[in-house]
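Residues per chain, in single letters:
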Amino acid sequence: MPWEQGADLRTVPIGLKPTFVTLEVKRVKCFACDVVRPVKIGFADPKKHYTRSFERYALELSKHMTIDDVAKHLQVSWDTIKEIQANNLQHRFGKPKLHKLKEIAIDEIAVSKGHRYLTVVLNLRSGAVVFVGDGKGVKALEIFWKRLRRARAKIQAVATDMSKAYIRAVRDHLPGAVHVFDHFHVLTLFNDKLSAFRRELYREASTDPERQVLKGTRWLLLKNPENLDSSRDELSRLQEALRLNEPLAIAYYLKEDLRQIWSQPNKRSARRVLNDWLARARASGIRMLVQFADTLEEHQEGILNYYHYPISTGPLEGTNNKIKTMKRQAYGFRDLEFFKLKILGLHETKHALVG
């Protein structure tokens, strides 16, 4: 509602006492359109019950305190502080500039129970989130592609996982971009397969000692060798399990060799390492390894594109961890659009308490 005569506007408190500015706002009439409007004043926005100085003070406090804490300290409602934050975030980050985008990463994050997801697009050069879409898959990015076309951005490279949805979306909307399959996702996928293979071997073990050895090796198999804890004798425990089970040993050593694909001096050398890995995996005769070799061969160009653009979704994984922390500290967000604005401004967040 426009200010009425004798309006009270909340301003910066004096000490701990709430402070108000009381003033009469003149109204003027336009005889051409027959509309009566209040005269604008310089220290508060229309339809707001607080001054701009109060707004700035609340935003400064929000860098160090939760919304609930700021609201209690200023003796206003939670919704008032949320409104101030949302307006500020909308003004600063609501319409990210896309025309200078060159390298991006795309991934989804689970934001609540019941398989509810958001799809996040990150500018890999600046570290800023430039889009947050509802859901996951092709539909979640439809608005982003439209904005990208309007901005006439010339994307050079995209990092994603190996999902068919992302492959199709990048092919259809960014045919000139280099599509890089994230190596962290490749390694994580193999680790998942290795864990399932260990469980299969455990079920098939014929003696209790074999089962006992396999039972304690799950995390040892997934750790990099340099991270094994000597104080817990993890290396010798792992070696014992590998000695007793040859298929597990083959899968484990191939896991270690898989990392070498991304540490070669050039793409030609990396292709040789990859082809050698595929041959050894297939020669093992182990179904899990043969199937994974087929997956890698199908996606090998995207994997080796890393040597054209050494990018990954790693920075986006870090952003996703910050998003989870922000959501947890805020005990969830009642307003999804406000949560998305928070994500868009996350790269400038320097304080832990944000909810």
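Going by the structure above, here's the rest.
Every value quoted in this text rests on a predicted model; they were computed, and no experiment measured them.

Criteria and cut-off values
Residues numbered from 1 in each chain as written. Predicted model: local features only at pLDDT ≥ 70, side-chain atom pairs only at ≥ 80, totals over all residues. Heavy atoms only, no water. Helix = DSSP H or I, 4+ residues; strand = E, 2+ residues; numbered from the N terminus. Buried < 20%, exposed > 50% of the residue type's maximum accessible area, 1.4 Å probe, protein only. Contact = heavy atoms within 4.5 Å. Areas by Shrake-Rupley, 256 points an atom, 1.4 Å probe, with all protein chains shown as cover. Axes fitted to C-alpha atoms, helices over the stretch in contact; angles between N-to-C directions. Parallel < 35°, antiparallel > 145°, perpendicular 65-115°, else oblique. Left-handed = near helix turned anticlockwise from the far one by under 90°. Pairing = 2+ DSSP bridges. Right-handed = clockwise from strand over helix to strand, strands pointing away. Polar contact = N/O pair within 3.5 Å; in protein donor to acceptor, adjacent residues only side chain to side chain.

S.K.: Would you mind going over the overall build of the protein with me for this structure?
M.R.: The helix and strand inventory of the protein stands at 15 helices and 9 strands. Scored against the burial criterion, the 355 residues of the protein give a buried share of 42%. Across the protein, every contact between residues at least 6 apart in sequence was considered, and the portion connecting residues at least 24 apart equals 56%. Accessible surface, the protein as shown: approximately 20,300 Å² in total, 51% of it carbon and sulfur.

S.K.: Would you mind going over the packing of helix α3 (residues 78-93) against helix α15 (residues 336-344) with me for this structure?
M.R.: Helices that pack against each other are described as a pair by the angle of their axes relative to one another and the distance between those axes. Two elements in contact, α3 and α15, have axes separated by 9 Å at closest approach and are oriented at 50 degrees. Classified by the angle their axes make, α3 and α15 are oblique. Note that α3 runs across α15; the crossing there is left-handed. Where α3 approaches α15, its residues Lys 82, Gln 85, Ala 86, Leu 89, Gln 90 and Phe 93 are matched on the opposing element by Phe 338, Leu 341, Lys 342 and Leu 344.

S.K.: Is there a simple way to think about the pairing of strand β9 (residues 178-181) in this case?
M.R.: On a regular strand, each side chain points to the face opposite its neighbour's, so the side chains alternate between the two faces of the sheet. Judged from the 4 bridges that link them, strand β8 (residues 157-160) and β9 form a sheet pairing that is parallel. Across the sheet, Ala 159 pairs through a bridge with Val 180, a residue of β9. Note that the unit made of β8, helix α5 (residues 164-173) and β9 has a crossover that is right-handed.

S.K.: Sorry, what's going on with the pairing of strand β4 (residues 35-38) here?
M.R.: One ladder, built from 4 bridges, connects strand β3 (residues 27-30) with β4; its direction is antiparallel. For Arg 27, the partnering residue across the bridge sits in β4 and is Pro 38. Taking the residues between adjacent antiparallel strands as the criterion, β3 and β4 are bridged by 4 residues, where Asp 34 takes a positive phi near 60 degrees.

S.K.: I tried to follow the side chain of Asp 182 on my own but got confused; where do I start?
M.R.: Relative to the assigned elements, Asp 182 resides in the loop between β9 and α6 (183-204). Among the polar contacts listed, one links the side chain of Asp 182 to the side chain of His 185, at a separation of 2.7 Å. Not counting residues up to four positions away in its chain, the partners in contact with Asp 182 are Thr 160, Ser 312, Thr 313 and Gly 314.

S.K.: What's the story with the sheet that holds β9 in this structure? I'm lost.
M.R.: Backbone hydrogen bonds are what pair the strands of a sheet, in a parallel or an antiparallel way. Here 5 strands make up an open sheet; going across it, the order is β7-β6-β5-β8-β9 and the pairing mixed. Since the sheet does not close on itself, it has two edges, and those belong to β7 (129-134) and β9, each with one partner. When the angles between neighbouring strand axes are averaged without regard to direction, this sheet yields 25 degrees. Relative to strand β6 (residues 116-123), strand β5 (residues 103-112) runs antiparallel, the two sharing 8 bridges. Note on β6: the bridge partner recorded for Ala 110 is Tyr 117. The strands touched by helix α4 (residues 142-151) are β5, β6 and β7; relative to β7, the strand with the most contacts, the crossing angle is about 140 degrees.

Any link to function would need more than the numbers given here.
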